[in-house]
Amino acid sequence: SNAEYMGITLSTYQFGVCACWRRLCLSLNMLSSLRKPAQQLAARHFATTTRFPGFVKDKPYVPHPYFDVRFRRVYQGGVKAVILDWSGTVLDCGVYGPVIVFVEVFKRHGIDITNDEARAPMGTHKKVHIRKITELESVRAKWRARHGRDVNETDVEAMFKAFVPMQLAVLKDYSTMIPGAIETVRHLQKDKGIKIGCSTGFTRAMLDIVGKEAAKAGYHPDFTVAADEVPQARPYPYMVWANALALDINPVESIVKVDDTVDGVKEGTSAGCWSIGLAKTGNYMGLNEAEIDALSEEDYNRRLKDSYGKLAAAGANYVIDDINGLPGVIEEINRRLRAGDRPWN
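Residues numbered from 1 in each chain as written. Predicted model: local features only at pLDDT ≥ 70, side-chain atom pairs only at ≥ 80, totals over all residues. Heavy atoms only, no water.

Caption draft 1: Structural detail: the overall build of the protein. Scanning the protein from N- to C-terminus turns up 15 helices and seven strands. A fraction of 72% describes how many contacts in the protein between residues 6 or more apart in sequence connect residues 24 or more apart. (Helix = DSSP H or I, 4+ residues; strand = E, 2+ residues; numbered from the N terminus. Contact = heavy atoms within 4.5 Å.)

Caption draft 2: The nonpolar core, seen in detail. Counting residues in each nonpolar core, the largest one holds 74 residues, and the members touching the most others are V82, L84 and Y219. The biggest single contributor to this core is helix α4 (residues 96-107), with seven residues. Aside from chain neighbours lying at most four places away, what touches Y219 is L84, W86, V90, M177, I182, V185, I196, C198 and A214. Core analysis: the next-biggest nonpolar cluster, separate from the first, contains nine residues, A81, V240, I255 and C273 among them. (Core = buried A, V, L, I, M, F, W, Y, C linked by side-chain atoms within 4.5 Å. Buried < 20%, exposed > 50% of the residue type's maximum accessible area, 1.4 Å probe, protein only.)

Caption draft 3: The arrangement of the pattern of salt bridges in detail. As enumerated under the stated definition, the model contains 23 salt bridges in all. The salt bridge involving K127 is made with E157; its shortest N-O contact spans 3.3 Å. You can see K127 sitting in helix α6 (residues 126-134) and its partner E157 sitting in helix α8 (residues 153-170), a full 30 residues away along the chain. Between R234 and E267 there is a salt bridge; the shortest N-O distance is 3.0 Å. With R234 in the loop between α10 (204-217) and α11 (238-247) and E267 in helix α12 (residues 262-271), the pair connects residues that are 33 residues apart, well separated along the chain. When salt bridges with common partners are traced through the structure, they connect D85, R234, K257, D259 and E267 into a single cluster. (Salt bridge = Lys/Arg side-chain N within 4 Å of Asp/Glu carboxyl O.)

Caption draft 4: Representation of the packing of aromatic side chains in the model. Inspection of the entire model under this criterion finds four aromatic pairs. Relative to Y219, the ring of W86 has its centre 5.4 Å away and its plane inclined at 80°; by these criteria the two rings are edge-to-face. On the criterion of sequence distance, the pair formed by W86 in the loop between β3 (81-84) and α4 and Y219 in the loop between α10 and α11 is long-range, its members being 133 residues apart. Overall, the relative accessible area of 1% leaves W86 in the buried class. For Y219, a relative accessible area of 2% corresponds to the buried category. When the centroid spacing of 6.4 Å and the interplanar angle of 15° are considered together, the rings of Y236 and Y238 count as stacked. Of the residues examined, Y236 reaches a relative accessible area of 38% and is grouped as partly exposed. Here a set of aromatic residues connected by ring pairs shows up, and it is made of Y236, Y238 and W241. (Phe/Tyr/Trp six-rings, centres within 6.5 Å; stacked < 30°, edge-to-face > 60°.)

As structure tokens, then:
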């Protein structure tokens, strides 16, 4: 509704002709010699120009003198939708489900990759993920040593073909909900009236298995979309926009994207919405609940700091430990929205 917006009227010449002339003059050190008001320059331009000049190649834009104001509409409502990742965000703490399969797929091709190498591109479409693993210099060196040549796209296709049934076979074993995830989502849906969407690096066949297991536990998002159902998956914004269309949510500033990977964070910033990273339960901590509890204080803080740093460097508006901190961040975002703030400010 219009009540959710405020209007700001700004001088055209503050942002238009005057700004352009000022930058030009500063660069030429000639500001003192060009003091004519931009409105007079524009008026003279239009007075000496034919009313129908037709197409003129490379003609610069000059604001018309009648266009005296610029109106900017600013959303001041609250968060309407939250788009959640799956592994490392709502289930599979440590994101083990995909990692073990990536390691096994490469092993079947004679290449031993580490968990860190398997995790490096996490968040993308699984075929893209395999391709990005092969682009790691450490993996390329192993491939050349084993096969006597560089990896190619035929190899990527073969590994992805092998990956799919292997991933489908183990997903049920890695669909345990993260503690507090169901309660947090239910609170947002029922108490706050916020729609819950989803995005993922899984294909639809994989997502159907994960979604079915999550539903048994009580997790019911309002909409889901898979990586193979959009033109390009993360870090591109299409899954966020697919959620917005399906849930009838606008403007994009009223959407919050939550993820545990760099590409997942970038998906949100690319879409123009708020983007929140989860550091403790996700890919960069890389440990399940029991393993996290078993860490020494020093190791725990070191790993958590590294995870926070990666997500913050990706452009996240906020980084928190896990999904249980999400309601508090949403309240902070609502405060900023009421003040006329936006994700990209």
